[in-house]
Amino acid sequence: MSKVTDQMYILLKKAENKDDSYEADLAQIHKRHTESAIALLKEGTELDRFLDTLKSDVQNLQAILRAVYIAGHCTESFSDFIVGHGELWSAQLLAATVRKRGLSCTWMNAWDILVVDPTTPNQVDPDFEASVKKMDAWYSKNATDTIIVTGFIASTSDNVRTTLKRDGSDFSAAIFAALLKAKEVTIWTDVDGVYSADPRKVSEAVILDTLTYQEAWELSYFGAYVLHPRTIMPVMRYDIPITIRNVFNISAQGTKISSYVSSNAETSLHENEPEGCSSVKGFATIDNVALINVEGTGMAGVPGTASEIFGAVKDAGANVIMISQASSEHSVCFAVPQREARAVAKALEEKFHRALAARRLSRVDVIPNCCILAAVGQRMASTPGVSATLFSALAKANINVRAIAQGCSEYNVTIVVDQQDSVRALKAVHSRVYLSKTTMSVGIVGPGLIGGTLLKQLNEQAATLKEEFNIDLRVMGILGSKSMLLDDRAISLDSWKHLLKENGEPADIHRFTDHLRSSNSIPNKVIVDCTASADIAKYYYQWIKKGIHVITPNKKANSGPLDQYLRLRDLQRQSYTHYFYEATVGAGLPIISTLRGLLETGDKILRVEGIFSGTLSYIFNCFNGEKPFSQIVLEAKDSGYTEPDPRDDLSGMDVARKVTILAREIGLKLELENVQPDSLVPEPLREGCSIEEFLNKLPDYDEKIEEMRAEAERCNEVLRYVGIVDVENGKGSVRLERYSRSHPFAQLSGSDNIISFRTKRYNAQPLIVRGPGAGAEVTAGGVFCDILRLASYLGAPS
Ligand SMILES: NC(=O)C1=CN([C@@H]2O[C@H](COP(=O)(O)OP(=O)(O)OC[C@H]3O[C@@H](n4cnc5c(N)ncnc54)[C@H](OP(=O)(O)O)[C@@H]3O)[C@@H](O)[C@H]2O)C=CC1
Ligand SMILES: N[C@@H](CC=O)C(=O)O
Ligand code: NA
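Residues numbered from 1 in each chain as written. Chains lettered and ligands numbered in written order. Predicted model: local features only at pLDDT ≥ 70, side-chain atom pairs only at ≥ 80, totals over all residues. Heavy atoms only, no water.

- The protein goes by ACT domain-containing protein in an unreviewed UniProt entry, where it is assigned to Ceratopteris richardii.
- Word for word, the UniProt comment on the protein under Subunit (unreviewed entry) is "Homotetramer."
- Under the Function (unreviewed entry) heading, UniProt states for the protein: "Bifunctional aspartate kinase and homoserine dehydrogenase that catalyzes the first and the third steps toward the synthesis of lysine, methionine and threonine from aspartate." (UniProt positions renumbered as here; feature names shortened; annotations may be inferred.)

What follows is the structure in structure tokens.
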């Protein structure tokens with residue numbers, strides 16, 4: 001029977017204003033109750049009795065309202081009497097319905113039991129002693145299994161009908177629980193429980209399993225709807241837990257509010273978080289406040305200054321939400337609702353006009369458009385690092401803190417930020433506490449063969465990573481050359497292809513970057529470039545500058561112009577933002593990491609040499625005279641070994657890039673142009689024809705390369721395409737060579753790469769890495785490995 005009390009208030013106002021439509025409103029309420037009663041009780045004495053009571057109450061109300069209509073006024077006790085009828089009817093109707101089902105049940109009229117003392121116009125205090133006496137007397141006459149008590153209404157000690165004013169039925173429930181010394185109270189509402197933050201602002205907000213009375217109190221004060229703070233007082237007195245549950249979702253356990261102190265770590269995933277996090281339970285904000293700052297040297301050591309300041313605030317009728325004073329006593333700063341700020345400032349200027357004129361006070365400032373952000377948690381008091389955690393989250397999100405307050409009880413830390421930063425601040429601190437520090441927002445550029453395979457692998461492994469390693473990877477954007485897909489939460493990796501096709505928007509790398517960057521609730525952002533594009537590689541610098549980590553199998557950045565490469569590496573070394581590119585050489589094989597390991601532990605690299613191209617390895621491993629060269633090239637392409645344009649492989653350019661990348665990793669200042677590869681692309685097909693035309697015309701040139709192969713075979717040799725980094729001479733080279741059949745390079749199969757590192761430590765016998773060096777699965781796997789390497793740098797468990 002929702003909103004009946006409100007409707008009663010409205011018709012009462014109408015009667016006072018001599019608007020006789022109140023009669024129709026009352027008739028409507030009568031009709032609604034009659035229909036509900038018929039629907040619930042069908043027929044019989046329960047129905048007849050209820051309808052009789054209803055009719056006689058309505059007749060009484062008609063008479064009273066008529067008197068109000070004539071007088072044009074209604075006293076408060078009359079008003080409370082009129083509006084309280086909704087509760088009387090619904091309690092009787094519910095009790096009759098329960099009895100109809102065969103249970104023993106009696107309704108209780110709180111007007112006869114609950115005694116309260118009005119304290120302010122909007123508040124009453126329950127008189128527990130007087131109420132218990134009345135309750136005991138009632139029970140001795142009405143012993144029953146189930147009692148349905150009216151909410152909201154009560155009487156004064158003079159037996160005048162009244163209500164609980166602004167505190168409604170939740171307060172009634174808590175008072176009756178205290179009167180009955182109940183084991184527990186359940187408040188049935190329409191939400192699953194109390195959230196860790198407003199779910200309309202923070203999509204990651206979670207339902208809290210437990211809260212202490214103080215935590216519930218603090219969260220309510222700071223604007224989170226939990227319970228009215230006064231509701232908590234009666235139950236706290238007898239240590240009675242209150243559970244908030246959803247009547248529309250009984251499977252949800254709800255939030256239990258009691259004196260039991262727990263941390264959110266008990267329910268969350270991130271046991272490996274630093275201590276400071278787990279003690280914060282929830283966050284709330286109060287929007288649209290102003291800070292008032294009273295400043296001056298004349299305040300220090302003068303007793304009574306604070307009293308005078310807050311006296312002036314009281315005179316202005318304003319409500320102080322928080323106070324902060326630096327211990328230097330040079331300034332007192334406090335927050336009031338924005339709409340009260342001007343009046344407060346005026347009152348202060350008037351009160352302190354002499355001190356201001358004498359410069360004992362330098363100024364009274366109003367800082368408008370602020371927001372209060374409160375972090376609440378009872379264990380914060382005994383936990384070091386809470387503030388550090390919160391402030392570092394705000395700093396990372398680039399949010400300026402205007403003022404801070406923390407009471408000695410330490411149930412909350414209160415932070416004032418600019419109103420425009422309100423939601424971002426809430427998301428930043430919430431995610432720091434509730435998301436694992438290895439939650440990553442991932443953007444994929446180039447969902448082609450490698451990018452697409454990576455998305456498939458991420459999808460297959462996501463649940464395991466989350467459950468076993470606490471790594472939460474969320475793909476928030478996919479950018480192709482023509483279209484892109486953005487999602488604020490995470491793209492469904494089961495259907496990204498379909499979504500990109502159906503819901504994709506025109507590709508825009510700037511919007512893509514901004515989207516990823518502004519995913520404030522996620523602590524880490526990474527872009528994975530799976531294109532072969534030099535244009536995309538140019539963005540790495542600005543991405544890293546913006547704190548976005550970069551991972552790529554694309555060789556263009558590290559083999560592009562040396563000055564740009566060095567600038568990128570310098571930036572990355574100065575920042576805490578990471579750049580990984582293991583798959584640029586040898587695909588998933590550990591080439592870069594092996595080289596780094598040698599260098600970082602002080603080994604000296606003398607020569608790196610090997611077969612670096614999966615495509616050329618495959619081609620020459622298969623080229624034994626049985627099939628034409630051009631056909632094997634097609635096979636390599638179909639197997640996913642080649643670059644998007646296979647001429648990049650056949651020209652030796654791809655190997656030259658890998659040689660350049662390794663040489664630079666070792667510290668040589670090599671330009672790609674310094675490495676002149678032997679090209680296997682026939683001169684006329686090098687430029688001016690498409691990939692398809694090239695592949696169509698390639699068979700015309702099979703004869704020449706077949707001659708080279710046959711010539712080698714006659715000498716019991718094979719052709720192999722090799723790359724060399726000659727560290728001692730500071731050179732890189734890439735060439736087609738002949739090797740005897742017994743040479744290790746002649747023993748490979750498939751797309752194998754083989755790379756030998758000759759170093760000071762590995763001199764007599766080089767260190768050798770060998771295995772498939774191209775193909776979608778192994779390459780995407782190498783990129784995936786880099787993503788997990790990033791996660792472990794960010795603190796994932798090993
Ligand atoms: N294949 C392998 O074994 C290995 C490959 N690599 C590297 O992996 C990378 C990807 O190769 P692969 O997957 O085979 O190539 P594909 O051609 O299959 O995929 C490239 C993707 O990049 C997209 N793309 C191209 N330019 C842009 C742009 N400017 N903006 C956004 N998207 C763009 C393409 O989109 P669209 O289709 O819309 O044009 C396509 O989705 C290359 O750098 C390659 O060198 C590294 C090691 C091994
Ligand atoms: N096209 C490349 C792929 C790996 O980098 C190759 O064939 O090696
Ligand atoms: Na590699």
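**Side note on the overall build of the protein**
Alright, step 1. Within the protein, the regular secondary structure consists of 30 helices and 28 strands.
Alright, step 2. The contacts of the protein with a sequence gap of at least 6 include a subset with a gap of at least 24, amounting to 70%.
Alright, step 3. Accessible surface, the protein as shown: approximately 36700 Å² in total, 50% of it carbon and sulfur. (Helix = DSSP H or I, 4+ residues; strand = E, 2+ residues; numbered from the N terminus. Contact = heavy atoms within 4.5 Å. Areas by Shrake-Rupley, 256 points an atom, 1.4 Å probe, with all protein chains shown as cover.)

**Focus: the site of ligand 2**
Alright, step 1. For ligand 2, the set of nearby residues contains 13 residues, the closest of which are Gly614, Thr615, Tyr641, Glu643 and Asp649.
Alright, step 2. Measuring from an oxygen atom of ligand 2, one finds a backbone N or O atom of Gly614 at 2.7 Å.
Alright, step 3. Between ligand 2 and the protein, one listed contact pairs an oxygen atom with a side-chain N or O atom of Thr615 at 2.5 Å.
Alright, step 4. Relative to its unbound accessible surface of 250 Å², ligand 2 loses 94% to contact with the protein.
Alright, step 5. Breaking the shell around ligand 2 down by element, the ones donating at least two residues are α24 (614-622) and α27 (653-666). (Near = heavy atom within 4 Å. Polar contact = N/O pair within 3.5 Å; in protein donor to acceptor, adjacent residues only side chain to side chain.)

**Comments concerning unusual backbone geometry**
Alright, step 1. Notably, Lys18 is not glycine yet its phi reads approximately 60 degrees, a positive angle.
Alright, step 2. A positive phi angle is found at Asn159, which is not glycine, with a value near 70 degrees.
Alright, step 3. Residue placement: Asn159 occurs in the loop between β5 (153-156) and β6 (161-163).
Alright, step 4. Since its relative accessible area comes to 48%, Asn159 is described here as partly exposed. (Buried < 20%, exposed > 50% of the residue type's maximum accessible area, 1.4 Å probe, protein only.)

**Focus: the sheet that holds β6**
Alright, step 1. Spatially, the four strands line up as an open sheet ordered β3-β2-β5-β6, and their pairing is mixed. Across the chains shown, the open sheet's two edge strands, defined by having one partner strand only, are β3 (123-126) and β6. Across the sheet, the axes of successive neighbouring strands diverge by a mean angle of 60 degrees, strand direction being ignored.
Alright, step 2. Alignment of β5 against β6, held across three bridges, turns out to be antiparallel. Note on β6: the bridge partner recorded for Ser155 is Arg161. (Pairing = 2+ DSSP bridges. Axes fitted to C-alpha atoms, helices over the stretch in contact; angles between N-to-C directions.)

**Comments concerning the sheet that holds strand β21 (residues 524-529)**
Alright, step 1. Strands sit in the order β20-β19-β18-β17-β21-β22-β23 across an open sheet of seven strands; the sheet is mixed. Both edges of this open sheet fall to β20 (505-506) and β23 (579-580), since each of them pairs with a single strand only.
Alright, step 2. In terms of strand pairing, strand β17 (residues 439-445) meets β21 through six bridges, oriented parallel. When the sheet's bridge partners are listed, Ile444 is paired in β21 with Val528.
Alright, step 3. Sitting on the sheet, helix α16 (residues 449-469) touches β17, β18 (472-479) and β21, and the angle it makes with β18 is about 160 degrees.

**Here we look at the pattern of salt bridges**
Alright, step 1. This model, assessed by the stated rule, comprises 36 salt bridges.
Alright, step 2. Among the ionic pairs, Lys201 bridges to Asp287, the shortest N-O distance being 3.5 Å. Residue Lys201 is located in the loop between β7 (185-189) and β8 (210-212), and its partner Asp287 is located in strand β11 (residues 282-295); the two are separated by 86 residues in the primary sequence.
Alright, step 3. Under the relative-accessibility criterion, Asp287 is labelled partly exposed at 29%.
Alright, step 4. With its nearest N and O atoms 3.8 Å apart, the salt bridge here joins Glu295 to Arg363. (Salt bridge = Lys/Arg side-chain N within 4 Å of Asp/Glu carboxyl O.)

**Notes on the nonpolar core**
Alright, step 1. Trp543 and Leu650 are the most contacted members of the largest nonpolar core, which has 75 residues in total.
Alright, step 2. By residue number, the principal contributor to this core is α27, which donates seven residues.
Alright, step 3. Contacts of Trp543, omitting those with residues within four sequence positions, involve Val445, Ile509, Thr513, Ile527, Ile536, Ile548 and Val550.
Alright, step 4. Core analysis: the second largest hydrophobic core is formed by 59 residues, Tyr213, Ile242, Leu390 and Val413 among them. (Core = buried A, V, L, I, M, F, W, Y, C linked by side-chain atoms within 4.5 Å.)

**What about the pairing of strand β26 (residues 731-740)?**
Alright, step 1. For strand β25 (residues 717-726) and β26, the ladder comprises 10 bridges, and the chain directions are antiparallel. Residue pairing for β26: Gly723 is matched across the bridge by Val734.
Alright, step 2. Linking β25 to β26, which pair antiparallel, is a turn of four residues; within it Gly730 sits at a positive phi near 65 degrees.

**Notes on the site of ligand 1**
Alright, step 1. The environment of ligand 1 is made up of 25 residues, and the closest members are Ile450, Ser481, Thr531, Glu643 and Gly775.
Alright, step 2. One nitrogen or oxygen atom from the main chain of Gly448 is found 3.1 Å from an oxygen atom belonging to ligand 1.
Alright, step 3. Glu643 places a polar side-chain atom, nitrogen or oxygen, 2.4 Å from an oxygen atom of ligand 1.
Alright, step 4. For ligand 1, the accessible surface in isolation is 910 Å², of which the surrounding protein chains cover 77%.
Alright, step 5. In terms of residue class, the shell around ligand 1 is built from 13 nonpolar, 10 polar and two charged. (Nonpolar A, V, L, I, M, F, W, Y, C, P; charged D, E, K, R; others polar.)

**Notes on the environment of Ile113**
Alright, step 1. On the secondary structure map, Ile113 appears in the loop between β1 (105-108) and β2 (115-120).
Alright, step 2. The class of Ile113 is buried, set by a relative accessible area of 2%.
Alright, step 3. Along the sequence, Ile113 and Ala130 sit 17 residues apart, while their C-alpha atoms lie 8.5 Å from each other.
Alright, step 4. Residue contacts for Ile113: discarding those within four places in its chain leaves Met108, Ser131, Lys134, Met135, Trp138 and Phe176.

**Side note on the UniProt feature "coiled-coil region" (unreviewed entry) in the protein**
Alright, step 1. In the numbering adopted here, UniProt assigns the feature "coiled-coil region" (unreviewed entry) to residues 691-718.
Alright, step 2. End-to-end, the C-alpha atoms of residues 691-718 are 28 Å apart, and along that stretch the chain is 71% helix and 7% strand.

**Some points on helix α29 (residues 702-714)**
Alright, step 1. The end-to-end C-alpha distance of α29 is 18 Å, a good match for the 18 Å that 13 residues give at a rise of 1.5 Å each.
Alright, step 2. The complete set of buried residues in α29 reads Asp702, Ile705, Arg709, Ala710 and Ala712. Relative to the axis of α29, the buried residues are bounded by an arc of 160 degrees and lie together on one face. Of the residues in α29, the exposed ones pointing more than 90 degrees away from the buried face are Glu703, Lys704 and Arg714. (Expected span 1.5 Å × (residues − 1). Arc of directions from axis to C-beta.)

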